[in-house]
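Observations on chain architecture
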Amino acid sequence: MSNAVCYFFTFLIEAVILWQYSSNLFTARRRPWIGFVMLFIFYFTMFAVSLLEYKWLNITLYFVMNFIFLLIQYDLKWYFALFHSAVIAAVMGMCELTVYSTIERFSPHFLAESGQFQNMIIFIIFSKMIFFTIVYILIHLLKGHQAQNQQHDKSVLLLIFIPITSVFIMLTLVSISDSFLLSPLLKGMVTLSAFFLLISNLLVFGINQYNLKKAWNLHRCSYCFKKSLTLLNIMKCCACKTKTSAF
């Protein structure tokens, strides 16, 4: 019962974070209440499946459900919805792994003690606070810089590989930590690995936004150049007509 409460609390926070992220960055296709209903259905499904306690299934479902939600609710190309859902899943996983590895290093029996419910709540609060802080920073860095024409850049497909690979590495590290008794040095290395994976995913996100901004500026320059040529041709035509009339 305590696990069910923890899982419900976790998915509730993650649903709020996803809603804040998507509603602030993307243009909605449908009314907000439809988005709320979809989000409730998707996350309640994930909550029910999480009770089976299969880590690989949970993270896969989290990635797929977020992708479907972004694709249906917002005006996004499928590859952009795929990229954002992959980054969100990777950042969420790295935040949890960083907190989990840090706790395991300094208090190996923290999540196995008699008061496990209280310890689980502490773990959830700390990991989700870090997750929300990173998402909040991303929202304020990107808000106002999303342009519809940017969604035609398919180079983002090449970057999707990195967050998906990061999630795979994260699950592998968690499985190793759960299956074997690691030395303090190895636990510290796992924590650093989680931190570096988190930084690498944020760099991937930054590189993608830089490429989009650069492509958008190039598109604007090309548009201004074509507009200047059109005005120049119109002025030449007017000058020719003026000379003809004078003769």
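Right above here is the structure, for reference.
Rules behind the numbers
Residues numbered from 1 in each chain as written. Predicted model: local features only at pLDDT ≥ 70, side-chain atom pairs only at ≥ 80, totals over all residues. Heavy atoms only, no water. Axes fitted to C-alpha atoms, helices over the stretch in contact; angles between N-to-C directions. Helix = DSSP H or I, 4+ residues; strand = E, 2+ residues; numbered from the N terminus. Parallel < 35°, antiparallel > 145°, perpendicular 65-115°, else oblique. Left-handed = near helix turned anticlockwise from the far one by under 90°. Contact = heavy atoms within 4.5 Å. Nonpolar A, V, L, I, M, F, W, Y, C, P; charged D, E, K, R; others polar. Phe/Tyr/Trp six-rings, centres within 6.5 Å; stacked < 30°, edge-to-face > 60°. Salt bridge = Lys/Arg side-chain N within 4 Å of Asp/Glu carboxyl O.

At a closest axis distance of 12 Å, the pairing of helix α1 (residues 2-25) and helix α4 (residues 78-106) adopts a crossing angle of 135°. Considered as vectors, α1 and α4 are oriented oblique to each other. Judged by the twist between their axes, the crossing of α1 over α4 is right-handed. Taken together, the residues of α4 that come into contact with α1 (itself represented by Thr10, Glu14, Leu18 and Tyr21) are His84, Ile88, Met92 and Glu96. When its residues are assigned to classes, the contact of α1 with α4 shows four nonpolar, two polar and two charged.

Attention shifts here to the packing of aromatic side chains. Across all of its chains, the model carries 15 aromatic pairs by this definition. Seen in terms of ring centroids, Phe44 and Phe47 are 6.0 Å apart; in terms of plane orientation they differ by 50°. Their pairing is tilted. Of this pair, Phe44 and Phe47 both sit in helix α2 (residues 32-50), three residues apart, which is roughly one turn of that helix. By way of ring pairs, the aromatic residues Trp19, Tyr21, Phe26, Phe36, Phe69 and Tyr74 are connected into one cluster.

On to the pattern of salt bridges, then. Counted by the stated rule, this structure contains three salt bridges. For Lys128, the salt bridge goes to Glu96, with nearest N and O atoms at 2.6 Å. Residue Lys128 is found in helix α5 (residues 116-142), and its partner Glu96 is found in helix α4; the two are separated by 32 residues along the sequence. Put simply, Glu14, Glu96 and Lys128 are held in one network by salt bridges that share partners.

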